[in-house]
Amino acid sequence: MAAKRAVVFDLDGTLLDSLPDLAGALNRSLARYSLPPLSQEKVRPMVGDGSRKLLERGYAAYGRQPSEEDFAIYMEDYEAHAADLTTLFDGIPEAVAALEKAGYGLGVCSNKPHEAAERVLKSLGIAHYFSTMIGGDQTEHRKPDPRHLGAVLKAMGVRPEDGVMVGDHRNDIATAQGLGAPSIFAAWGYGEADAPIVAQRPAELPKLVERIFARGA
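Predicted model, so just to flag it, every value in this text is computed and none were measured.

Asker: Which parts of the structure should I look at to understand the overall build of the protein?
Answerer: When its secondary structure is counted, the protein shows 9 helices and 8 strands. Over its C-alpha atoms the protein spans a radius of gyration of 17 Å, differing by no more than 12% from the 17 Å that the globule rule assigns to 217 residues. The principal-axis extents of the C-alpha atoms in the protein amount to approximately 55 × 30 × 30 Å. In the protein, which comprises 217 residues, the share counted as buried stands at 52%. Considering only intrachain contacts with a sequence separation of at least 6, the fraction spanning at least 24 residues in the protein is 66%. Total accessible area on the protein is roughly 9900 Å²; 50% of this is exposed by carbon and sulfur atoms. In the protein, 24 side chains carry a positive charge and 30 a negative one; their mean positions are 4 Å apart.

Asker: Even after reading the chapter, I still don't get the environment of Ala116, so can you show me in this structure?
Answerer: Tracing the backbone through its elements, the reader meets Ala116 in helix α6 (residues 114-123). Classification of Ala116 as buried rests on a relative accessible area of 0%. Counting along the chain gives 67 residues from Ala116 to Asp49, while the straight-line C-alpha distance between them is 15 Å.

Asker: Sorry, what's going on with helix α1 (residues 19-31) here?
Answerer: Since the α-helix packs 3.6 residues into each turn, any two residues three or four apart lie on the same face. The end-to-end C-alpha distance of α1 is 18 Å, a good match for the 18 Å that 13 residues give at a rise of 1.5 Å each. What α1 keeps buried is the set Leu19, Asp21, Leu22, Ala23, Gly24, Ala25, Leu26, Asn27, Ser29 and Leu30. Close packing links the buried residues of α1 with β2 (16-17), α2 (40-43), α3 (51-60) and α4 (68-81).

Asker: Can you walk me through the nonpolar core in this structure?
Answerer: Grouped burial of nonpolar side chains is what soluble globular proteins tend to show. Of all hydrophobic cores here, the largest spans 54 residues; its most connected members are Phe9, Leu15, Leu26, Tyr74, Leu121, Phe130 and Ile184. It is α1 that provides the largest number of residues to this core, a total of 6 residues. For Leu121, the residues in contact, after removing those within four places along its chain, are Leu11, Leu15, Leu16, Val108, Ile126, Ala127, Phe130 and Met133.

Asker: Hey, could you run me through the packing of aromatic side chains in this one?
Answerer: In this description, an aromatic ring pair is defined by two values, namely the gap between the centres and the angle between the planes. Under the criterion given, the structure shown has 5 aromatic pairs. With 6.0 Å between their ring centres and 80 degrees between their planes, Tyr33 and Tyr59 make a pair best called edge-to-face. Of this pair, Tyr33 sits in the loop between α1 and α2 while Tyr59 sits in helix α3, and the two are 26 residues apart along the sequence. Given a relative accessible area of 1%, Tyr59 falls into the buried group. For the ring pair Tyr74 and Tyr78, a centre distance of 6.4 Å and an interplane angle of 10 degrees mean the geometry is stacked. Of this pair, Tyr74 and Tyr78 both sit in helix α4, 4 residues apart, roughly one helical turn. Relative accessible area serves as the criterion here: at 1%, Tyr74 is assigned to the buried category.

Asker: Can you walk me through the environment of Pro196 in this structure?
Answerer: Examined against the element boundaries, Pro196 turns out to sit in the loop between β7 (183-186) and β8 (198-199). Here the alpha-carbon distance between Pro196 and Phe185, two residues 11 residues apart in the chain, equals 8.2 Å.

Asker: Can you help me understand the pattern of salt bridges in this one?
Answerer: For the structure on display, the rule yields 15 salt bridges. In this structure, Glu115 engages Arg119 in a salt bridge whose closest nitrogen and oxygen atoms are separated by 3.0 Å. Highlighted residues: Glu115 and Arg119, both in helix α6, separated by 4 residues, approximately one helical turn. Glu115 sits in the partly exposed class, given a relative accessible area of 45%. A relative accessible area of 33% places Arg119 in the partly exposed class.

Asker: What exactly am I supposed to notice about the sheet that holds strand β5 (residues 132-134) here?
Answerer: Hydrogen bonds along the backbone pair up the strands of a sheet, which may run parallel or antiparallel. Taken together, the 6 strands give an open sheet; going across it, the order is β5-β4-β1-β6-β7-β8, and neighbouring strands pair in parallel fashion. Single-partner strands in this sheet number two, and they are β5 and β8. Here 4 bridges tie strand β1 (residues 6-9) to strand β6 (residues 163-167), and the two strands are oriented parallel to one another. The residue of β6 that forms the bridge with Phe9 is Val166.

About the criteria used
- Residues numbered from 1 in each chain as written.
- Predicted model: local features only at pLDDT ≥ 70, side-chain atom pairs only at ≥ 80, totals over all residues.
- Heavy atoms only, no water.
- Helix = DSSP H or I, 4+ residues; strand = E, 2+ residues; numbered from the N terminus.
- Rg over C-alpha atoms; globule rule 2.2 N^0.38 Å.
- Buried < 20%, exposed > 50% of the residue type's maximum accessible area, 1.4 Å probe, protein only.
- Contact = heavy atoms within 4.5 Å.
- Areas by Shrake-Rupley, 256 points an atom, 1.4 Å probe, with all protein chains shown as cover.
- Lys, Arg positive; Asp, Glu negative; His and termini not counted.
- Charge placed at Lys NZ, Arg CZ, Asp CG, Glu CD.
- Expected span 1.5 Å × (residues − 1).
- Core = buried A, V, L, I, M, F, W, Y, C linked by side-chain atoms within 4.5 Å.
- Phe/Tyr/Trp six-rings, centres within 6.5 Å; stacked < 30°, edge-to-face > 60°.
- Salt bridge = Lys/Arg side-chain N within 4 Å of Asp/Glu carboxyl O.
- Pairing = 2+ DSSP bridges.

The structure is reproduced here in structure tokens:
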């Protein structure tokens, strides 16, 4: 197997500040039943386990359960508007460019559907940095199942111990731990996690990755 190293990113809350578009699609779905919109702050803790869980949690706030039709309509609507208000977190373009320049392979491991993920990354001009991206609809094993991250690293030709997972959710940290891979918690995102290595800002990522591999060298 190739003796190279990689950094694999989560999307929502890590690379992308996608909360406005996620909340917008959820609220448009709720509006079909004349339910009032949820604030972004209420939606924030609902993000991180994939689109279906987000919709279920939004409906649960009103004591409801979405149907398969609701989910299909929601997904069609979200994918059409996934890049309307979504932006990159400050410092992400520079951090990603620095990691690539340092020689690391870059990948994406996200529970977000692949088409929506690819559309957003392309619209924001950073899709070309990532050689491999496996979304939640491309695998039967999704985070926190370590096999999701394992599939990304395998496609990149990288051993688990040579791949760092960067994410803002407990699922990202658990996925890496389950695979025996190091991880960095992105503190600027939406979630919470008990993680040994934390980046407060994207600018810290290159040096943290360097330190991780220096320890394992």
